[in-house]
Amino acid sequence: DPQQLELATSGKRKLRRFIVIDEVVDELYGSKVREYFEENNVQHKILALPTTEETKSMDLVLNILQEVQNFSIDRRTEPIIAIGGGVCLDIVGLAASLYRRRTPYIRVPTTLLSYVDASVGAKNGVNFLQCKNKLGGYTPPVASFLDRSFIQSIPRRHISNGLGEILKMALMKHKGLFDLLKSHGKYLLDTKFQSYSGSASHGDAALQTTRIAIETMLEELAPNLWEDDLDRLVDFGHLISPELEMRVLPSLMHGEAVNIDMAFMTYVAHARELITAEEKEQIIQCMRGLELPVWHGGCSWPLIKRALMERLKHSGGQPRMPLPTGLGVAEIFNDTSEETLERAYKLWVRD
């Protein structure tokens, strides 16, 4: 912003920024972040916090807001910056939306999952009463800054976790993305989504994969940012997974729980004869290739029934079940019988 730049360089007023950073990210990149603000002559306060599903609560939001109040920011010109994974971005987004009714904030995702998922869209929130994201709102950031170099330091399991959300978009909307994941999944895991000069034979799969995933996510979210229409393809993998994820914390990561949900729903699609046995097998093999779990003992039949009942409460009395009708194409169904679901469940457990 030229006006801000003028203010900063004229000496009339120093630029100020309040930054919330995940404590693990702070250990790895904190010194670089501080160096950046110091070199650019920005007065700053960096708050490093443990941001996990277990700490994702209103208590942490209030903790952040107390520090924001102490630092004292101008809510028109001094956005709060969130640097971390999806949980960090969710918590800071909610804190910003509450402070003086709405303070601008910037998302800097540092995991693959947050890069392709939490960085896009308007939602923020925290867990409440053992329910995932029960408190929250729709306040989009003023910007998301995407830098894949953060991803090189996250563990392999976290890369796999992010691939779960990318696969979701591939199965719902983009056969080309599915083919990329099938062909280059192991390479993406091995290289941690970094682009190398020697990666020509892979056609810069990391750039292609993340770009297509974000573009398809935006196509789905942008026309329906406030979820006025409850028929959402992006809900694939999110019918049973919220219940499963909270039930078995911390043993499953978000993308892993989503993938288990997607694996079961793939069997439901096959039981409904929406996809062939070969297509079902291709999907499950792709999941395995991405090192994602395709089943979990905690995902019992009673849990599935309970999760789908919960779904009805929040989706206007209809299940609104996104299911693949081929590779890269999908529709939303409201007429899947309990008998079909149980048959699919038995086949899934057997396999």
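- Per an unreviewed UniProt entry, the chain is named ARO1 protein, and its organism is Spizaetus tyrannus.

Overview of unusual backbone geometry
For step 1, the next point in the chain: Cis rather than trans, the peptide bond between Leu249 and Pro250 has omega equal to -5°.
For step 2, the next point in the chain: Relative to the helices and strands, Pro250 is located in the loop between helix 9 (241–248) and helix 10 (254–271).
For step 3, the next point in the chain: Even without being glycine, Leu129 reaches a positive phi, approximately 55°.
For step 4, the next point in the chain: For Leu129, the location among the structural elements is in the loop between strand 5 (123–128) and strand 6 (131–138).

Description of the nonpolar core
For step 1, the next point in the chain: If you look at the biggest cluster of nonpolar residues, it comprises 70 residues, and the most contacted ones within it are Leu167, Phe264 and Met265.
For step 2, the next point in the chain: Residue contributions to this core peak at eleven residues, all from helix 10.
For step 3, the next point in the chain: A domain split of this core shows at least three residues from each of domain 1 (14–152) and domain 2 (155–224 + 231–350).
For step 4, the next point in the chain: Sequence-distant contacts of Leu167, that is, excluding residues within four places in its chain, are made with Phe178, Leu181, Asn259, Met262, Cys286, Met287 and Leu290.
For step 5, the next point in the chain: If you look at the next biggest cluster of nonpolar residues, it comprises 25 residues, including Leu60, Ile73, Cys88 and Tyr105.

What to know about the packing of helix 7 (residues 175–191) against helix 11 (residues 277–289)
For step 1, the next point in the chain: Where helix 7 meets helix 11, the axes come as close as 9 Å, and the angle between the chain directions of the two elements is 20°. As judged from the angle between their axes, helix 7 and helix 11 are roughly parallel. Regarding helix 7 and helix 11, the two cross each other, and that crossing is left-handed. Residues Phe178, Leu181, Lys182 and Leu189 of helix 7 form the contact with helix 11, whose own contacting residues are Gln282, Ile283, Cys286 and Gly289.
For step 2, the next point in the chain: Of the residues in the contact of helix 7 with helix 11, the class split is five nonpolar, two polar and one charged.

Digging into the domain arrangement of the chain
For step 1, the next point in the chain: Split by domain assignment, the chain resolves into domain 1 (14–152) and domain 2 (155–224 + 231–350).
For step 2, the next point in the chain: Look at where the C-alpha atoms of domain 1 and domain 2 centre, and you get two points 27 Å apart.
For step 3, the next point in the chain: Taken together, the contacts link 20 residues of domain 1 with 28 residues of domain 2.
For step 4, the next point in the chain: Across the interface of domain 1 and domain 2, roughly 2000 Å² is buried in total on both sides, 68% from carbon and sulfur atoms.
For step 5, the next point in the chain: At the junction of domain 1 with domain 2, the criterion picks out two salt bridges.
For step 6, the next point in the chain: For Glu245, the salt bridge identified is with Lys132, shortest N-O distance 3.3 Å.
For step 7, the next point in the chain: Between domain 1 and domain 2 we count four residue pairs in polar contact (both at pLDDT 80 or more) in total.
For step 8, the next point in the chain: At the level of elements, helix 5 (112–118), strand 5 and strand 6 are the ones that each hand at least two residues to the side of domain 1 that touches domain 2.
For step 9, the next point in the chain: Looking at the side of domain 1 that touches domain 2, the element that brings in the most residues is helix 5, giving five residues.
For step 10, the next point in the chain: In terms of residue class, the side of domain 1 that touches domain 2 is built from eight nonpolar, five polar and seven charged.

As for the sheet that holds strand 4 (residues 105–109)
For step 1, the next point in the chain: Taken in spatial order, the five strands line up as 2-1-3-4-7 in an open sheet, and their pairing is parallel. Looking at the sheet topology across the chains shown, the edges are occupied by strand 2 (43–49) and strand 7 (143–144).
For step 2, the next point in the chain: Here seven bridges tie strand 1 (residues 16–22) to strand 2, and the two strands are oriented parallel to one another. Its bridge partner lying in strand 2, Ile19 is registered against Ile46.
For step 3, the next point in the chain: Against the sheet, helix 2 (residues 23–39) touches strand 1, strand 2 and strand 3 (80–84), its axis set at about 160° to strand 1.

Describing the packing of aromatic side chains
For step 1, the next point in the chain: Evaluation of the coordinates by the stated rule reveals seven aromatic pairs.
For step 2, the next point in the chain: Here Phe18 and Phe71 contribute two aromatic rings whose centre-to-centre distance is 5.9 Å and whose plane-to-plane angle is 55°, an arrangement assigned as tilted. One end of the pair, Phe18, is in strand 1; the other, Phe71, is in helix 3 (residues 58–71), and 53 residues separate them in sequence.
For step 3, the next point in the chain: Both rings, one in Phe264 and one in Tyr345, keep their centres 6.3 Å apart while their planes meet at 75°; by these two values the pair is edge-to-face. Remark: Tyr345 occurs in helix 13 (residues 338–350) and Phe264 occurs in helix 10; sequence separation between them is 81 residues. Tyr345 shares its class with Phe264; the two are buried.
For step 4, the next point in the chain: The structure contains a cluster of three or more aromatic residues connected by ring pairs, namely Phe264, Trp301, Tyr345 and Trp348.
For step 5, the next point in the chain: For Arg16, the ring lying beneath its charged end belongs to Phe71, and the centroid distance is 4.1 Å.

Side note on helix 8 (residues 205–221)
Residue pairs spaced three or four apart in an α-helix point in one direction, given the helix's 3.6 residues per turn.
For step 1, the next point in the chain: For helix 8, which comprises 17 residues, the first-to-last C-alpha distance of 24 Å matches the rise-based estimate of 24 Å (1.5 Å per residue) to within 8%.
For step 2, the next point in the chain: Of all the positions in helix 8, only Ala205, Ala206, Thr209, Thr210, Ile212, Ala213, Ile214, Thr216, Met217, Glu220 and Leu221 are classed as buried.
For step 3, the next point in the chain: Contact partners of the buried residues in helix 8: helix 5, helix 6 (156–173) and helix 7.

A closer look at the pairing of strand 1
For step 1, the next point in the chain: Counted residue by residue, strand 1 has seven buried out of seven residues, so it is predominantly covered.
For step 2, the next point in the chain: By the alternation rule, side chains of strand 1 split into Arg16, Phe18, Val20 and Asp22 and Arg17, Ile19 and Ile21, which are all buried.
For step 3, the next point in the chain: Between strand 1 and its parallel partner strand 2, the chain crosses via helix 2, and the hand of that crossover is right-handed.

So, how was this worked out
- Residues numbered from 1 in each chain as written.
- Predicted model: local features only at pLDDT ≥ 70, side-chain atom pairs only at ≥ 80, totals over all residues.
- Heavy atoms only, no water.
- Helix = DSSP H or I, 4+ residues; strand = E, 2+ residues; numbered from the N terminus.
- Core = buried A, V, L, I, M, F, W, Y, C linked by side-chain atoms within 4.5 Å.
- Buried < 20%, exposed > 50% of the residue type's maximum accessible area, 1.4 Å probe, protein only.
- Domains from an automatic or database assignment.
- Contact = heavy atoms within 4.5 Å.
- Axes fitted to C-alpha atoms, helices over the stretch in contact; angles between N-to-C directions.
- Parallel < 35°, antiparallel > 145°, perpendicular 65-115°, else oblique.
- Left-handed = near helix turned anticlockwise from the far one by under 90°.
- Nonpolar A, V, L, I, M, F, W, Y, C, P; charged D, E, K, R; others polar.
- Buried area = accessible area lost by both parts, 1.4 Å probe.
- Salt bridge = Lys/Arg side-chain N within 4 Å of Asp/Glu carboxyl O.
- Polar contact = N/O pair within 3.5 Å; in protein donor to acceptor, adjacent residues only side chain to side chain.
- Pairing = 2+ DSSP bridges.
- Phe/Tyr/Trp six-rings, centres within 6.5 Å; stacked < 30°, edge-to-face > 60°.
- Lys NZ or Arg CZ within 6 Å of the ring centre and 35° of its normal.
- Expected span 1.5 Å × (residues − 1).
- Right-handed = clockwise from strand over helix to strand, strands pointing away.

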